[in-house]
Amino acid sequence: MARWCRALLQGLLGRRLVSAAPPGAACSRLSAFTPWSAASAPRAGGMDYSDAVWALNSLQTNASVLENVRRDQARGQSEDTLKAMKSFLERTGLTVEQLDQLSVIHVTGTKGKGSTCAFCEKILHNYGLKTGFFSSPHLVQVRERIRINGQPISKELFAKYFWQVYTLLDQTKGEHADSLPAYFHFLTILMFHIFLREKVQVAIVEVGIGGAFDCTNIIRRPVVCGVSSLGLDHVAILGDSLEKIAWHKGGIFKPAVPAFTVTQFSGPMGVLVQRAKEIGCLLRLCPDLGDYPVEGGKLHLGLVGEHQKHNATLALQLVQTWLRHHDLPSLRGSMLPPGEYEHGRPPASSGFPLPAPMVQGLQDTVWLGRSQVMKRGPVTYYIDGAHTIESMQAGVRWYREYSLREAKAVDGRLLQVLLFNTTGERDAQALLKLLLPCQFDFAVFCPNLTMATQSMSDDQTNYTVSLENVLTNCLTNQQTWCQLLQGGREESWRASGDRLAESVRLVKGGGRDRGLLLLRESEGSELDQPEARALVFPCISDALQWITQGRDPELGLGAAGSPTLHSAGARALQEASAIQILIIGSLHLIGGALKLLDQSLSE
């Protein structure tokens, strides 16, 4: 099996992914995974959006450098991030004191923090406020990360402010050892400029990673802070236990600033309480969503899943606190006293009658890529960005419930297909094990590459991982899935691995290497072996092309490929009455899929 993997990688790595230079920029054509120097980026202000994305992508940290950074962060050297952020900010003409002008809701957590912020944004916009929302990662276009009044800022506005900030940093880089900020740091600085100059009335800021040393934590005086559900994620940076992770998350607490969290395990909850005591923060526990009286009956959430109830109650407490802080008539009144911490738990906050803007806001909230369903002809896509143990458990519950509803109405054969990838140091085996009860007919694995080639000006270009790593991950995930299907029997896996090694080959099609597929050539029409139902593709486009077999009328990816490639599986998909596809494991995978499935997101 090891020989097979090496041979397969060597074949893949022989095909270079080429990126095209943006209009007007003089540069050589380089591999999409080649380290890019910021010195090569265009610097003239007034350039358009694609040029801005090109320059922004040049700020991504090369994969090998990033590994060194992660090791440094694991040794506790991340506090330098905030020092560097202050310097970068000042070079663009802003001070941390000026950031105090922003009225900030600051939210961290492992899962649900984006949904919590989305609830907050919708509710506050319903009150007639001009909202700003900073989130990460983006799904299709980078400007999604900076939203005003519920919409990504326009390409024109993004380009305008981008070149203003980039030029100031570029002109002063010779005077400073820290040169230009990294990708996320730059976007954070850009967000501050945009929110201040566009005069948003409330800035809802989602933490990137952790909290204590996250670059958004340069904010000194938020109105209120929130901590969503905690889980194991980014362990190389934040630590390998929930308690260590909670320490980082609690780092956004500020003296005398109210904060809220949802139900947590006792260990991490105790750490949050201790952090609140040390910092002098007023931490409270959110009530259940059922504790909020609703005139006229049941409360409906725009985001489905039981886990969204935690995010909704956290959002309600954050919004209520923000409104009270600004003494708005709808919720005028004083805050409750802080209360006492008992048995390592914060005092519980109370529910309150929900006014119409809150009820409507919760109901109308939309957050792409989270528990999202798209039905197109006989094909239904179930799309969820779950990538931790806890969020995967929630995602599986959601998928099984909603796919079963559809299955009951299908007259004929129904096929279920998994499209999966995961990134970083996440435990793919643990995530895949949670997916076994879904009993997929096929499992498809691919990197987070939308197409076989991506340009330097593509919003989804990623240099923080190497081509070799992403392909190795896909092959490993495929092997892990087959082994799990066989009950983890190593002897059986070795035997099937030998059979697979004999039958896997690289096939080129479609010209210019597009359509390169990694498929097992099926033996007749037999699909009784796990490896015959576990496929690897080099990009999302090729994966969806094979799964849908041209049956999605809006996908428009061309022919489904040669019928000789995994012909038994292709015939089964072509003849099925319905196909259900669960796309899960990585928000970057979700973004690439949505770019193909919804062309409006690229406009």
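Residues numbered from 1 in each chain as written. Predicted model: local features only at pLDDT ≥ 70, side-chain atom pairs only at ≥ 80, totals over all residues. Heavy atoms only, no water.

A.B. asks: Any chance you could break down the pairing of strand β4 (residues 131-134) for me, citing the residues and the numbers?
C.D. replies: When a strand is regular, its side chains alternate between the sheet's two faces. In β4, alternate side chains face the same way, and those of Thr131 and Phe133 on one face and Gly132 and Phe134 on the other are all buried. Relative to strand β7 (residues 202-206), β4 runs parallel, the two sharing 4 bridges. Each bridged residue has a counterpart across the sheet, and for phenylalanine 134 the counterpart in β7 is valine 205. (Buried < 20%, exposed > 50% of the residue type's maximum accessible area, 1.4 Å probe, protein only. Helix = DSSP H or I, 4+ residues; strand = E, 2+ residues; numbered from the N terminus. Pairing = 2+ DSSP bridges.)

A.B. asks: Please provide a residue-by-residue account of the confidence of the model for the chain, values included.
C.D. replies: Predicted confidence across the chain gives a mean pLDDT of 81, with 76% of residues reaching 70 or more. Throughout residues 1-46 the model reports pLDDT below 50, and contacts reaching past four residues in sequence, or to other chains, amount to 108 contacts. Confidence over residues 491-525 falls short of pLDDT 50; this stretch has 76 contacts with residues more than four positions distant or in other chains. (pLDDT = per-residue confidence, 0-100. Contact = heavy atoms within 4.5 Å.)

A.B. asks: I'd like a description of the packing of helix α2 (residues 49-57) against helix α7 (residues 155-172), backed by residues and values.
C.D. replies: Contact geometry for α2 and α7: axes closest at 9 Å, N-to-C directions at 45°. Relative to α7, the element α2 is oriented oblique. Considering only the axes of α2 and α7, their crossing is left-handed. The residues of α7 that touch α2, namely those facing Tyr49, Asp51, Ala52, Ala55 and Leu56, are Lys155, Phe158, Ala159, Phe162, Trp163 and Tyr166. When grouped by side-chain class, the residues that make up the contact of α2 with α7 number 9 nonpolar, no polar and 2 charged. (Axes fitted to C-alpha atoms, helices over the stretch in contact; angles between N-to-C directions. Parallel < 35°, antiparallel > 145°, perpendicular 65-115°, else oblique. Left-handed = near helix turned anticlockwise from the far one by under 90°. Nonpolar A, V, L, I, M, F, W, Y, C, P; charged D, E, K, R; others polar.)

A.B. asks: Can you lay out the state of the cysteines for me, pointing to particular residues and giving the numbers?
C.D. replies: Note: disulfide means a covalent bond formed between the sulfur atoms of two cysteine side chains. Applying the stated criterion across every chain, the model contains 0 disulfides. Here cysteine 117 stays unpaired: no disulfide links it, and the sulfur of cysteine 120, its closest cysteine neighbor, is 6.1 Å away. Residue cysteine 117 is classed as buried on the basis of its relative accessible area of 0%. (Disulfide = S-S within 2.5 Å.)

A.B. asks: So, the packing of aromatic side chains: which residues are in play, and what are the values?
C.D. replies: For the structure on display, the rule yields 19 aromatic pairs. With 5.5 Å between their ring centres and 20° between their planes, phenylalanine 162 and tyrosine 166 make a pair best called stacked. With phenylalanine 162 and tyrosine 166 both in helix α7 and 4 residues apart, this pair spans about one turn of that helix. When sorted by exposure, phenylalanine 162 lands in the same class as tyrosine 166, which is buried. A cation sits over an aromatic face here: arginine 275 above tryptophan 247, 3.9 Å from the ring centre. Sitting above the plane of the tyrosine 402 ring, arginine 405 keeps its charged end 4.4 Å from the centroid. (Phe/Tyr/Trp six-rings, centres within 6.5 Å; stacked < 30°, edge-to-face > 60°. Lys NZ or Arg CZ within 6 Å of the ring centre and 35° of its normal.)

A.B. asks: Tell me about the nonpolar core, and please be specific about residues and values.
C.D. replies: Nonpolar side chains in soluble globular proteins generally cluster together in the buried interior. Counting 46 residues, the largest nonpolar core has Leu56, Phe158, Phe162, Phe186, Leu190, Phe192 and Phe195 as its most contacted members. When contributions to this core are tallied by element, the ones reaching two or more residues are α2, α4 (80-91), α5 (96-99), β5 (146-148), α7, α8 (183-197) and β7. Ranked by residues supplied to this core, first place goes to α8 with 11 residues. Other than its neighbours up to four places away in sequence, leucine 56 contacts Val142, Phe158, Phe162, Tyr183, Phe186 and Leu187. In this structure, Ile204, Cys286, Ala312 and Leu354 belong to the second largest nonpolar core, which totals 36 residues. (Core = buried A, V, L, I, M, F, W, Y, C linked by side-chain atoms within 4.5 Å.)

A.B. asks: Got a sec to walk through the sheet that holds strand β3 (residues 104-108)? Specific residues and values, please.
C.D. replies: Taking strand neighbours across the sheet as the criterion, the 8 strands line up as β6-β5-β4-β7-β3-β8-β9-β10 in an open arrangement whose pairing is mixed. Edge positions in the open sheet fall to β6 (151-152) and β10 (282-285), since each of these has one partner strand only.

A.B. asks: Please give an account of helix α10 (residues 242-249) that cites residues and values.
C.D. replies: Taken together, the buried positions of α10 are occupied by Leu242, Ile245, Ala246, His248 and Lys249. Looking down the long axis of α10, one finds its buried residues gathered within 160° of arc, a one-sided arrangement. (Arc of directions from axis to C-beta.)

A.B. asks: Lay out α8 with the relevant residues and their values.
C.D. replies: With 15 residues, α8 should cover 21 Å at 1.5 Å per step; its first-to-last C-alpha distance of 21 Å lies within 8% of that length. Of all 15 residues that make up α8, 13 are buried, and the element is covered over most of its length. Of the residues one or two after α8, lysine 199 is the one with positive phi, at around 55°. (Expected span 1.5 Å × (residues − 1).)

A.B. asks: How would you summarise the packing of helix α14 (residues 389-407) against helix α15 (residues 428-435) if you had to cite specific residues and measurements?
C.D. replies: Look at α14 against α15: their axes get within 9 Å of each other, and the N-to-C directions meet at 20°. Viewed along their axes, α14 and α15 adopt a mutual orientation that is roughly parallel. As α14 runs across α15, the sense of the crossing is right-handed. Residues Ile389, Met392, Gln393 and Val396 of α14 touch α15, and the partners they reach there are Ala430, Leu431, Leu434 and Leu435. In terms of residue class, the contact of α14 with α15 is made up of 7 nonpolar, 1 polar and no charged.

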